[in-house]
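Coordinates in review
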Amino acid sequence: MTKAAAAPAVVGPIVIVPVGTDDEALDACLAALDAATAPGTPVWLADDAQAGPRGYAIIERWVTRTALKADYTRRQRSVGEVAHLDEVLAACGDADVAVLASDALPAPGWLSRLSSALASDGAIATATPWSNAGEAAAWPRIGEIDPVPDDLERVSRAAKAMPALHPELPAAVSHAVLLRGAARRRAGGLDATSYASWYAALIDLSLRLAGLGWRNALCDTAFVGRRGEGGPFDGDMDALAARWPDWHARLANYLMQDPLRASRVQLASLLEHLGPPEPQRDLFA
């Protein structure tokens with residue numbers, strides 16, 4: 001299954017899962033991805049020499065059984081999280097790409113709703129779904145890590161009933177993000193020289209995109225669970241502060257003001273009063 005890096009030939013979003021070292025989390029992520037995503041969706045499992053024998057066995061079994069159009073590549077030697085992901089993104093050209101953390105648990109309909117967010121406004125460069133561990137996009141409490149909801153399908157139905165307002169976020173968040181390919185290429189891709197983590201490189205990319213006039217938006221109709229938040233590597237926060245001196249203050253101000261408080265309350269209310277699922281519901285519509 002090890003191949004040279006090359007993107008699937010598709011028209012539409014490609015899902016990229018940067019493979020990590022947590023085999024149990026990867027297994028759960030792939031199972032949720034399979035259940036929550038429309039059959040035939042292109043998925044690229046990109047391994048920067050991270051998976052061990054058990055992780056490889058999980059991937060091999062999943063690739064042969066999934067209804068998704070799955071591909072797997074593995075580098076012989078690691079080049080680093082950001083450099084590897086930038087290489088993968090570059091191979092996707094102008095295609096829109098959803099980067100899904102390998103410990104994330106997407107809820108049904110997540111990708112189609114992210115795609116709808118990009119289609120609704122040509123100025124949106126990044127669309128981030130709600131998450132229980134999503135920092136500025138966290139639900140039910142901003143900036144806090146809550147347990148993954150017991151019933152992601154139910155949360156998905158509640159989120160689907162939300163008005164698609166696509167409000168501004170200070171930056172995209174690394175649990176899951178759909179990147180507009182043309183915008184990413186115009187911004188120059190990821191900075192693998194300054195940052196070691198996808199967490200920090202995504203913040204930097206978001207801020208560069210905003211500087212070019214693009215928007216980093218919340219997809220308020222989609223939800224992706226995660227066991228914990230992503231985080232920076234050593235030196236990443238210093239590099240962010242040097243390039244973007246007001247970033248930490250801007251993020252702190254956003255978290256304190258919580259401009260999405262009303263949306264969080266609305267989603268909680270919709271979930272509380274949600275009826276039973278429709279017998280013939282289409283979760284991918």
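The following paragraphs examine the structure supplied in this document. Per chain, the residues get numbers from 1 upward, laid out in the order the sequence is written. Note on the predicted model: pLDDT of at least 70 is required for a residue's local features to be given, and 80 or more for side-chain atom pairs to be given and counted; whole-chain, interface and lining totals, by contrast, use all residues. Neither water nor hydrogens contribute to the side-chain values; these are computed over all heavy atoms in the structure.

**A few points about the nonpolar core**
Only buried Ala, Val, Leu, Ile, Met, Phe, Trp, Tyr and Cys residues count toward a nonpolar core, and they belong to the same one when joined by side-chain atoms within 4.5 Å. Burial classes follow relative accessibility: with a 1.4 Å probe on protein chains only, a residue under 20% of its type's maximum area counts as buried, one over 50% as exposed, and anything between as partly exposed. In this structure, Ile16, Leu89, Val99, Leu179, Trp198 and Trp247 are the most contacted members of the largest nonpolar core, which totals 35 residues. Only DSSP runs of H or I covering at least 4 residues are called helices, and only runs of E covering at least 2 are called strands; the numbering of each starts at the N terminus. If you list the elements that add at least two residues to this core, you get β1 (14-18), β2 (42-47), α3 (81-91), β4 (97-100), β7 (176-179), α6 (181-187), α7 (198-211) and α9 (247-257). With nine residues, α7 is the single largest residue contributor to this core. Any two residues whose heavy atoms approach within 4.5 Å at even a single point are treated as in contact. Here Leu89 is in contact with Ile16, Val97, Val99, Leu179, Arg184 and Leu190, once residues within four sequence places are set aside. With 33 residues, the next largest nonpolar core counts Leu30, Ala98, Leu178 and Val224 among its residues.

**Some words on unusual backbone geometry**
Put simply, Trp139 and Pro140 share a cis peptide bond, and its omega is 10 degrees. Mapped onto the secondary structure, Pro140 falls in the loop between β6 (124-130) and α5 (152-160). You will see that Ala49, though not glycine, has its phi angle at about 55 degrees, which is positive. If you trace the backbone, Ala49 turns up in the loop between β2 and α2 (53-65). Its identity is not glycine, yet Glu135 carries a phi of approximately 55 degrees, on the positive side. Tracing the sequence through the fold places Glu135 in the loop between β6 and α5. Judged by its relative accessible area of 18%, Glu135 is buried.

**So, the pairing of strand β8 (residues 215-226)**
Most of β8 sits inside the fold, with twelve of its twelve residues counted as buried. Looking at chain direction, strand β5 (residues 104-106) and β8 are connected through three bridges and run antiparallel. Bridging across to β8, Pro106 finds its partner in Val224. For two strands to be treated as a pair, DSSP must find at least two bridges joining them.

**A few points about the environment of Val99**
One can find Val99 in strand β4. Classification of Val99 by relative accessible area gives buried; the value is 1%.

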